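Structural characterization, general
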Amino acid sequence: MERWLALELVSTIRHDGDGGVADDLATVQGTTHWIQEQGDLLAGHIPAGELAADENLRRGIIELRQAVRALFARAVSPALPSPPDAHRLMSAGQAVAHLNSAAERELVALQMDWPVEGVPTTRLLSAENDPHVRLVAALARAGIEFLSGPQRTQLRSCTAPRCVRYFVKSHGRQEWCKPSCGNRARAARHYRRQRTATDGGSAPS
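Conventions and cut-offs
Residues numbered from 1 in each chain as written. Predicted model: local features only at pLDDT ≥ 70, side-chain atom pairs only at ≥ 80, totals over all residues. Heavy atoms only, no water. Core = buried A, V, L, I, M, F, W, Y, C linked by side-chain atoms within 4.5 Å. Buried < 20%, exposed > 50% of the residue type's maximum accessible area, 1.4 Å probe, protein only. Helix = DSSP H or I, 4+ residues; strand = E, 2+ residues; numbered from the N terminus. Contact = heavy atoms within 4.5 Å. Arc of directions from axis to C-beta. Axes fitted to C-alpha atoms, helices over the stretch in contact; angles between N-to-C directions. Parallel < 35°, antiparallel > 145°, perpendicular 65-115°, else oblique. Left-handed = near helix turned anticlockwise from the far one by under 90°. Nonpolar A, V, L, I, M, F, W, Y, C, P; charged D, E, K, R; others polar.

Another point: the nonpolar core. Formed by 40 residues in total, the largest nonpolar core has its most connected members in Ile35, Ile61, Phe72 and Leu135. Of all elements in the fold, only α1 (5-10), α2 (28-37), α4 (55-76), α5 (92-103), α6 (131-147) and β6 (166-168) reach the threshold of two or more residues within this core. No other element matches the 11 residues that α4 contributes to this core. Excluding its chain neighbours within four sequence positions, the residues that come into contact with isoleucine 61 are Leu9, Leu25, Thr31, Ile35, Leu135, Val136 and Leu139. Membership of the second largest hydrophobic core comes to 7 residues, among which are Cys158, Ala160, Cys163 and Cys181.

Let us look at α2. Structural remark: α-helix, 3.6 residues per turn; residues separated by three or four positions point the same way. Residues of α2 that are buried: Thr31, Thr32, Trp34 and Ile35. Buried residues along α2 cover an arc of 165° about the axis, so they all sit on one side.

α4 packs onto α2 with a crossing angle of 65° between their chain directions and a minimal axis gap of 9 Å. Judged by the angle between their axes, α2 and α4 are roughly perpendicular. Crossing geometry of α2 relative to α4 is assigned as left-handed. Within the contact between the two elements, α2 uses Val28, Thr31 and Ile35 and α4 uses Glu55, Leu57, Arg58 and Ile61. Partitioned by chemical class, the residues of the contact of α2 with α4 number 4 nonpolar, 1 polar and 2 charged.

So this is what it looks like as structure tokens:
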């Protein structure tokens with residue numbers, strides 16, 4: 001299954017499995033663990049496996065997440081956004097400005113490699129020595145690339161009970177982020193219909 005760094009960032013706010021919401025970036029240790037888990041997506045940008053977060057980096061990543069989540073909410077509109085922060089999203093203009101500002105903190109040049117036996121590949125050559133700046137800039141670019149790419153039109157907010165995830169719709173009839181959410185949504189729908197029938201009303205569609 002394809003993974004996007006921007007979606008991974010947004011998904012650090014998730015259902016905790018017990019009816020509440022968990023934040024993977026709530027602590028410095030949790031932030032370090034999350035960065036290390038993204039090593040494959042950050043390859044070529046930073047040595048994620050060796051990078052330890054501090055409080056300033058944690059806050060920087062959270063601010064960036066707020067901007068990306070605000071723009072995800074805009075992308076899925078007029079459908080409802082993910083509920084945890086829907087009541088306190090920054091404006092789209094602020095979010096775009098924040099992403100652009102974070103991305104421009106790292107001066108990079110696009111470089112091409114073309115081996116004799118092989119196909120051309122590209123990489124970014126950075127002039128920035130601070131790995132924390134490079135990480136936040138890489139996350140900002142990931143958000144910009146995701147939101148300006150074709151996957152934006154397939155972005156959805158999962159409507160299953162208690163789910164708070166965004167997901168990229170992979171086929172025409174997909175309504176939920178994963179099968180377990182679909183099972184939960186269908187069970188809830190069945191319960192509502194049974195309850196309505198018991199109460200003598202008409203079942204909602």
